[in-house]
Amino acid sequence: MDGNGRWATARGRRRELGHRAGARSVERVVRCAPDLGIRTLTLYAFSSDNWRRPQREVRALMALFRRYLRRESGALADAGVRLRVVGRRDRLPTPVVEAITEAEARTSDGDRLLLRLAVDYSSRHVLLEAARRFAEGVSDSFTECIAQAMHCPEGAPDVDLMVRTGGEQRLSDFLLWESAYAELVFSPRMWPDFDASDLTSAVKEFRGRNRRFGRVAAAV
Ligand code: FPP
């Protein structure tokens, strides 16, 4: 969800304001995703490398996550959305961890959309942790070890479509294993401006792609 900072700076405002506008975009996108046939939506909200940002911005983001989880969990449950926060929990402030636990419990019956918020997430860290579990024999499925390592009991499904906003064209340590055959869509739109029509366009582009998974077209 790139572009919050630039969106705010272009308006002469602090970057934190861009993140607040970005949270409203999250609400919009989550509302329209099920109608587009999306059953799992993973939003990259805070990478493990984002701890390197100025303290003030990190604090504002943590406060925003906590507020979002507290404020939105009822509406998410009503809309049939099950929430999971994927990533490390051991470095998050206690009030954020408490809000995550409550929101996950409150939305646990949701069966319309699995919404995964990636917070303190690093795909490389997950892969190392999964490899450790795999070597210890915790499970004979590596994908299951990944799901456990990222705190997602629902599993670690392959990514069909990855959308990156704000004109960036990188993977940035996001779902590296699961994206082996992901279709990539790069949108120039700053995340706070990203709306239902942008997601619809990305899905339309995805549906037009010829996915072969290594085979020849006729065999797929
Ligand atoms: C990266 O772009 C964005 C982030 C590190 C934060 C993402 C957070 C949100 C969208 C807000 C809240 C989320 C939830 C789930 C309530 P950037 O802001 O660094 O953009 P830039 O490239 O313009 O600097």
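You'll find the structure just up there.
Residues numbered from 1 in each chain as written. Predicted model: local features only at pLDDT ≥ 70, side-chain atom pairs only at ≥ 80, totals over all residues. Heavy atoms only, no water.

K.L.:
Can you explain the site of the ligand? Please cite residues and give values.
P.N.:
Near the ligand lie 18 residues; those nearest to it are Gly 3, Gly 5, Arg 6, Arg 15 and Arg 53. Between the ligand and the protein, one listed contact pairs an oxygen atom with a backbone N or O atom of Gly 3 at 3.0 Å. In the environment of the ligand, an oxygen atom lies 3.4 Å from a nitrogen or oxygen atom belonging to the backbone of Asn 4. Alone, the ligand offers 620 Å² of accessible surface; in the complex the protein occludes 94% of this. Mapped onto the shell around the ligand, the elements with two or more residues apiece are α1 (4-9), α2 (15-32) and α3 (55-78). Among the elements that line the shell around the ligand, the one with the most residues is α3, at 4 residues. Of the residues belonging to the shell around the ligand, the class tally is 9 nonpolar, 5 polar and 4 charged. (Near = heavy atom within 4 Å. Polar contact = N/O pair within 3.5 Å; in protein donor to acceptor, adjacent residues only side chain to side chain. Areas by Shrake-Rupley, 256 points an atom, 1.4 Å probe, with all protein chains shown as cover. Helix = DSSP H or I, 4+ residues; strand = E, 2+ residues; numbered from the N terminus. Nonpolar A, V, L, I, M, F, W, Y, C, P; charged D, E, K, R; others polar.)

K.L.:
So what's going on with the nonpolar core? Residues and values would help.
P.N.:
Judged by nonpolar contacts, the single largest core of 34 residues is most densely connected at Val 30, Leu 41, Leu 69, Leu 115 and Leu 117. Sorting the residues of this core by element identifies α2, β1 (40-47), α3, β2 (81-86), α4 (94-106), β3 (113-121) and α7 (196-207) as the ones contributing at least two each. If we ignore the near neighbours within four places in the chain, the residues touching Leu 115 are Val 30, Leu 41, Leu 43, Tyr 68, Leu 76, Val 81, Arg 82, Leu 83 and Arg 84. Val 86, Tyr 121, Val 126 and Cys 152 belong to the second largest nonpolar core, which has 19 residues in total. (Core = buried A, V, L, I, M, F, W, Y, C linked by side-chain atoms within 4.5 Å. Buried < 20%, exposed > 50% of the residue type's maximum accessible area, 1.4 Å probe, protein only. Contact = heavy atoms within 4.5 Å.)

K.L.:
Outline a positive patch on the surface, listing residues and values.
P.N.:
Positive charge collects at one region of the surface, where Arg 13, Arg 20, Arg 24 and Arg 67 lie side by side. In this fold, Arg 13 is placed in the loop between α1 and α2. (Patch = residues over 30% accessible without salt bridge, like charges linked within 9 Å, V, L, I, M, F, W, Y side chains within 5 Å. Salt bridge = Lys/Arg side-chain N within 4 Å of Asp/Glu carboxyl O. Lys, Arg positive; Asp, Glu negative; His and termini not counted. Charge placed at Lys NZ, Arg CZ, Asp CG, Glu CD.)

K.L.:
Quick one: what's the story with the layout of surface pockets, residue by residue and with numbers?
P.N.:
In this model, the second largest pocket occupies a volume close to 150 Å³. In terms of lining residues, the second largest pocket is bounded by Glu 27, Val 30, Arg 31, Pro 34, Tyr 68, Glu 72, Ala 75, Leu 76, Ala 79, Val 81 and Arg 112. When contributions to the lining of the second largest pocket are tallied by element, the ones reaching two or more residues are α2 and α3. Among the elements that make up the lining of the second largest pocket, the one with the highest residue count is α3 (4 residues). Split by residue class, the lining of the second largest pocket holds 7 nonpolar, no polar and 4 charged. (1 Å grid on protein atoms, 1.4 Å probe; cavity = no way out; pocket = protein on both sides within 12 Å on 5 of 7 lines; lining within 4 Å. Points joined across faces, edges and corners; volume = space filled by probe spheres on them.)

K.L.:
Just give me the short version of the pattern of salt bridges, but keep the residues and values in it.
P.N.:
In total, this model carries 26 salt bridges according to the counting rule given. One salt bridge connects Glu 16 with Arg 14, and the closest N-O pair in it is separated by 3.4 Å. Here Arg 84 makes a salt bridge to Glu 104, at a shortest N to O gap of 3.8 Å. Here Arg 84 is found in strand β2, whereas its partner Glu 104 is found in helix α4, with 20 residues between them in sequence. Taken together, the shared-partner salt bridges connect Arg 82, Arg 84, Arg 89, Glu 104 and Glu 154 into one network.

Shape is all these values report; function is a separate question.
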